[in-house]
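# Architecture and fold: a report
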Amino acid sequence: MLSTKQAAAYLGLAVPTLRTWRHRRIGPASFRMGGHVVYRLRELDSYLDACEAADSRSNPELNPLNRVPRPKRDRSGRRINERCAA
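Residues numbered from 1 in each chain as written. Predicted model: local features only at pLDDT ≥ 70, side-chain atom pairs only at ≥ 80, totals over all residues. Heavy atoms only, no water.

Another point: the pairing of strand 3 (residues 36–39). Two elements, strand 1 (residues 2–3) and strand 3, share 2 bridges in a ladder whose sense is antiparallel. Looking at strand 3, one finds that Leu2 is bridged to Tyr39. Judged from the 3 bridges that link them, strand 2 (residues 31–33) and strand 3 form a sheet pairing that is antiparallel. Residue Phe31 lies in a different strand from strand 3, and its bridge partner there is Val38. Remark: 2 residues form the turn of the hairpin made by strand 2 and strand 3, two consecutive strands paired antiparallel; Gly34 in that turn has positive phi of roughly 60°. (Pairing = 2+ DSSP bridges. Helix = DSSP H or I, 4+ residues; strand = E, 2+ residues; numbered from the N terminus.)

Along the chain, the position of Arg19 falls in helix 2 (residues 15–23). Judged by relative accessible area, which is 43%, Arg19 ranks as partly exposed. Residues Arg19 and Thr4, 15 residues apart in the sequence, show an inter-C-alpha distance of 7.7 Å. (Buried < 20%, exposed > 50% of the residue type's maximum accessible area, 1.4 Å probe, protein only.)

Within the largest apolar cluster, 8 residues are counted, these being Leu2, Ala7, Ala8, Leu11, Leu18, Val37, Tyr39 and Leu44. Looking at this core, the elements that each hand over two or more residues are helix 1 (4–11) and strand 3. With sequence-adjacent residues up to four places away left out, Ala7 is seen in contact with Leu2, Leu18, Tyr39 and Leu44. (Core = buried A, V, L, I, M, F, W, Y, C linked by side-chain atoms within 4.5 Å. Contact = heavy atoms within 4.5 Å.)

This next bit is on the confidence of the model for the protein. Overall, the prediction assigns the protein a mean pLDDT of 86, with 94% of residues at 70 or greater. Mean pLDDT across the secondary structure elements of the protein bottoms out at helix 3 (residues 41–53), with 92, and peaks at helix 1, with 97. (pLDDT = per-residue confidence, 0-100.)

Along the polypeptide, Arg22 turns up in helix 2. The side chain of Arg22 is buried and forms no salt bridge, while Glu43, the nearest opposite charge, is found at 14 Å. Other than its neighbours up to four places away in sequence, Arg22 contacts Thr4, Ser30, Val37 and Tyr39. (Lys, Arg positive; Asp, Glu negative; His and termini not counted. Salt bridge = Lys/Arg side-chain N within 4 Å of Asp/Glu carboxyl O.)

Below you can see the structure in the form of structure tokens.
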């Protein structure tokens, strides 16, 4: 179990940021134990994994550069048929 201070250091966040997220019910899961807020290490790792999966820089499926290219258009905005444009 990690305290709020330890969890914030593990995530590279400021303690107030983690507290704000907890009150807004966003961020990694936490719970109270003996009157103290604690975080499980596996919950912090799961949160980091979810953030990484949602980032287009680390998830090729979300990378806009991997999308199907848009069709070419002429100056008037009409599509150019590349097969017949010889």
